[in-house]
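Letter by letter, the chains look like this.
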Amino acid sequence: VEDALVIFTPSGKRGRVAKGTSVLEAARKLGVDLDSVCGGRGICSKCQITPGYGDFPKHGVKVAEDALSAFNAVEERYDRVRGLKPGRRLGCQACIQGDVVLDVPPESQVHKQVIRKSASERVMEMDAAVRLCLVDVAEPDMHVPTGDFERLAAALEEAFGIKGLQVDIEVLSKLQSVLRKGKWQVTCAIWQDGGAPRLVGLFPGLRETPVYGLAIDLGSTTIAGHLVELGAGAVLASSGLMNPQIRFGEDLMSRVSYAMMNKGGDVEMTAAVRAALGDLTQALAEEAGVSADEIVETVIVCNPVMHHLVLGIDPVELGQAPFALAHSGSVTVPARTLGMPIAPGAMTYLLPLIAGHVGADAAAVALSESPETRDDLSLIVDVGTNAEILLGNKTRVLACSSPTGPAFEGAQISSGQRAAPGAIERIEINPETREPRFRIIGNEHWSDEPDFGTPQITGICGSGIIEAVAEMRMAGILDASGLIGSAEQVGTPRCVATGRTHEYVIYDGRPDGPRITVTQGDIRAIQLAKSALYAGARLLMDEMGVDRVDRVVLAGAFGAHISAKHAMVLGMIPDAPLSQVSSAGNAAGTGARMALCSVAARRAIEAQVRRIHKVETAIEPRFQEHFVAANAMPHASDPFPELSK
Ligand code: FES
């Protein structure tokens, strides 16, 4: 048989195939990424390509008008009924008859490149664990008694080469009705992540729309989720809710103690978080207008305590040295066991944990920020109730976590509140008059501007309190040790004595509104939190043998709102050029989304986590030394040369 040269763009893959080969077969043979849901039967239209004709000097070929076979009956019918875009052909029907150049449009690629939404807008490749396959299943025959599932599995093996298909009872219980509803034609959602393929979802007839997945960042305070379309990787809905476990303890260690002190406490907390996952799933599905059984996979990132609790593992071992994890590798479990009402067979992938105190959320940040690919030394800080800290470059990556407590989120602060409309989020204090001006969430005007109006001012949020404390320091209201001066010392009536200490009044709305102040207790809470954060970073720098970092990345929803200057005035983060301090937004959420969209990303982070060197802050004596020295603002001994510039 004569052969012909085939060149695929944009991949540039080329090779010779026998004349008469279909474009889809040629693509498979040459390793070109061309989609197919119907297995080449001219039904799904996922295999569309655009042939080019004429002279292609770049590729050294001339393509004749008859390089592809003419429309056959199947393609003609498709074009008549559904319509093909001008110039397009169905790759499974068009056959190669001469040298040809074929362009694969993005919508025909399984491994599409999608732009990640993050501060650094990088590209990632779709490589989802779930694919859709349309099959015609043989009807039952009384004389050849086989099960519907066996005939479905045989059809999948024949059309798609899928061998050893697994199924669980929840999917099986729907199988017979869906097969009959689809008149023996069904679209199967096949999940495969390393091991055996699984049938996780089933739709009657041809399913033309893509299926969906959930990427969930399960934090100790908030649970945030994204509903992602698994075809193009687009985020269709994002939502969040409070972690209901807060009623068992504000921070992680108090939840571990709750489990230790109360028989069955871990079971209660597991039930609470699973119920919240169920609510979040429903909210996301509603927002995106998607039905629950179209969601076929989920990925969760979380800290070790949340990881154990959501899986139903008692976290007591995480409360005491040596902080042994029940399991540190990635885990895959049926989504329904975690309380998520999605496709009956859907699976949940949990990213690996880095150490007893450094979770899958930090692994997700590592995946999203990939410090191991850079020459310069990055310090990546995910600020939450617990701060996860990564330090590294191409040579080495180190990780630790530090117990900052919830002060950075506005908790344990006298006028503190969560970031919500009415909360003060920005503040400036005039260094001469010591008068404040501020902005609240939901109002773009500053409080001293005429358009500010008379909004309800409710409190101060995490980024607001950091700015307030840093501004107080810069205006001389606080000394380096964190003490608030008296009205006489500072020269403003806004410093008011309360018992033996003083507080600074930012806003006094009495008699109808609140009085918002920063108390000495608030300053202490912020000092403890920032010292813990700084000490963790310094410990990693010691381990790395450096006293400077090249760049600082603030991750976490909260990190996105902190001003770099104020963070450095406080000494929350080590000294670095201000231009090199950036926000990565919700990097843990981005990492979760990358893992959801790509099994290759899962393998990459699993390998990377094994290479990350863990530093345990809780048992390291130098942590305490660093912590004490970091109490001063910015620091008792470390110089902050960039700050004085
Ligand atoms: Fe489905 Fe070509 S592979 S139409």
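Conventions and cut-offs
Residues numbered from 1 in each chain as written. Predicted model: local features only at pLDDT ≥ 70, side-chain atom pairs only at ≥ 80, totals over all residues. Helix = DSSP H or I, 4+ residues; strand = E, 2+ residues; numbered from the N terminus. Buried ≥ 20, exposed ≤ 12 C-beta atoms within 10 Å, placed from the backbone. Contact = placed C-beta atoms within 7 Å. Pairing = 2+ DSSP bridges. Axes fitted to C-alpha atoms, helices over the stretch in contact; angles between N-to-C directions. Domains from an automatic or database assignment. Core = buried A, V, L, I, M, F, W, Y, C linked by C-beta atoms within 7 Å. Parallel < 35°, antiparallel > 145°, perpendicular 65-115°, else oblique. Left-handed = near helix turned anticlockwise from the far one by under 90°. Nonpolar A, V, L, I, M, F, W, Y, C, P; charged D, E, K, R; others polar. pLDDT = per-residue confidence, 0-100. Expected span 1.5 Å × (residues − 1). Arc of directions from axis to C-beta.

Asks: Whenever I open this one, the overall build of the protein confuses me. Can you help?
Replies: For the protein, the count of helices and strands is 16 helices and 30 strands. Principal-axis analysis of the C-alpha atoms gives the protein an extent of 95 × 65 × 55 Å. Counting only residues that meet the buried cut, the protein has 47% of its 645 residues in that class. Across the protein, contacts joining residues at least 24 apart in sequence account for 68% of those joining residues at least 6 apart.

Asks: In this structure, what is going on with the pairing of strand β20 (residues 387-392)? I would like to understand it.
Replies: Each regular strand shows side chains that alternate between the opposite faces of the sheet. Burial runs high along β20: six of the six residues are buried. Here β20 shows a buried face lined by Ala387, Ile389 and Leu391 and a second buried face lined by Glu388, Leu390 and Gly392. For strand β19 (residues 378-382) and β20, the ladder comprises five bridges, and the chain directions are antiparallel. Opposite aspartate 382, over in β20, you have glutamate 388 as the bridge partner. Between β19 and the antiparallel strand that follows it, β20, lie four residues. Relative to strand β21 (residues 397-402), β20 is paired through six bridges, and the arrangement is antiparallel. Looking at β21, one finds that isoleucine 389 is bridged to cysteine 400.

Asks: Please clarify how the sheet that holds strand β28 (residues 551-555) should be interpreted in this entry.
Replies: Two modes of strand pairing occur in sheets, parallel and antiparallel, and in both the strands are linked by backbone hydrogen bonds. In space, the six strands of this open sheet follow the order β29-β28-β19-β20-β21-β30, with mixed pairing throughout. At either margin of the open sheet sits one strand with a lone partner, and together these are β29 (581-585) and β30 (613-614). In the sheet, β19 pairs with β28 via five bridges, with the strands oriented parallel. Each bridged residue has a counterpart across the sheet, and for aspartate 382 the counterpart in β28 is alanine 555. Across the sheet, helix α11 (residues 520-544) lies against β19, β20 and β21, angled at about 155° from β21, the strand it touches most.

Asks: Whenever I open this one, the domain arrangement of the protein confuses me. Can you help?
Replies: The extent of an interface is frequently quoted as the accessible surface area lost upon association of the parts. Looking at the protein, the domain boundaries give domain 1 (3-108), domain 2 (113-204), domain 3 (212-350), domain 4 (360-406 + 525-629) and domain 5 (421-518). Summarising the inter-unit geometry, the C-alpha centres of domain 1 and domain 3 are found 44 Å apart.

Asks: Which parts of the structure should I look at to understand the nonpolar core?
Replies: For soluble globular proteins, nonpolar side chains are generally found buried alongside one another. With 169 residues, the main nonpolar core has Ala363 and Val381 as its most contacted residues. Considering every element that reaches this core, the biggest residue donor is α11, with twelve residues. Here alanine 363 is in contact with Leu351, Pro352, Leu353, Ile354, Ile605 and Val609, once residues within four sequence places are set aside. Core analysis: the second largest hydrophobic core is formed by 24 residues, Val23, Cys47, Ala94 and Val100 among them.

Asks: Help me understand the sheet that holds strand β2 (residues 14-18) in this model?
Replies: The strand order β2-β1-β7-β3-β6 describes an open sheet built from five strands, whose pairing is mixed. Of all the strands in the sheet, just β2 and β6 (89-90) have a single pairing partner and so form its edges.

Asks: What should I look at first to understand the packing of α11 against helix α16 (residues 621-629) in this one?
Replies: Any two packed helices are characterised by how steeply their axes cross, that is the angle between the axes, and by the distance between the axes. One way to put it is that α11 packs onto α16 with a least axis distance of 8 Å and a crossing angle of 130°. The orientation of α11 relative to α16 falls into the category oblique. The handedness of the crossing between α11 and α16 comes out as right-handed. Contacts between α11 and α16 involve Ser531, Ala532, Ala535, Arg538, Leu539 and Asp542 from the first element and Arg622, Phe623, His626 and Phe627 from the second. Split into classes, the residues belonging to the contact of α11 with α16 amount to five nonpolar, two polar and three charged.

Asks: I'm lost on helix α8 (residues 360-369) in this one. Help?
Replies: Given 3.6 residues per helical turn, the α-helix brings residues three or four places apart onto the same face. Across the ten residues that make up α8, a large majority, ten, are buried. Where α8 is concerned, the buried positions are Ala360, Asp361, Ala362, Ala363, Ala364, Val365, Ala366, Leu367, Ser368 and Glu369.

Asks: When you look at the packing of α8 against helix α15 (residues 599-611) in this model, what are you seeing that I'm missing?
Replies: Between α8 and α15, the least distance of the axes is 10 Å, while the angle of their chain directions is 110°. By the criterion of interaxial angle, the relationship of α8 to α15 is roughly perpendicular. Our pair here, α8 against α15, has a crossing hand that is right-handed. Where α8 abuts α15, its residues Ala363, Ala366 and Leu367 lie against Ala601, Ile605, Gln608 and Val609.

Asks: Which parts of the structure should I look at to understand the confidence of the model for the protein?
Replies: Detailed reading of the predicted coordinates is not advisable wherever pLDDT is low. Chain-level pLDDT for the protein is 91 on average; 99% of the residues reach the 70-or-more range. Here the predicted complex carries an ipTM of 0.99, next to a pTM of 0.84.

Asks: Would you explain helix α3 (residues 148-160) in this entry?
Replies: Here α3 spans 18 Å end to end across 13 residues, near enough to the 18 Å set by a 1.5 Å rise per residue. Buried within α3 we find Leu152, Ala153, Ala155 and Leu156. Taken end-on, α3 shows its buried residues confined to a sector of 160°, consistent with a single buried face. Within α3, the exposed residues directed more than 90 degrees away from the buried face are Glu150 and Glu158. Buried residues belonging to α3 abut β10 (130-136) and β11 (185-191). Looking one or two residues past α3, glycine 161 carries a phi angle of roughly 70°, positive in sign.

Asks: Please clarify how the environment of glutamate 369 should be interpreted in this entry.
Replies: Its place among the elements puts glutamate 369 in helix α8. Not counting chain neighbours up to four residues away, the residues in contact with glutamate 369 comprise Ile380, Val553, Ala584 and Ala587.

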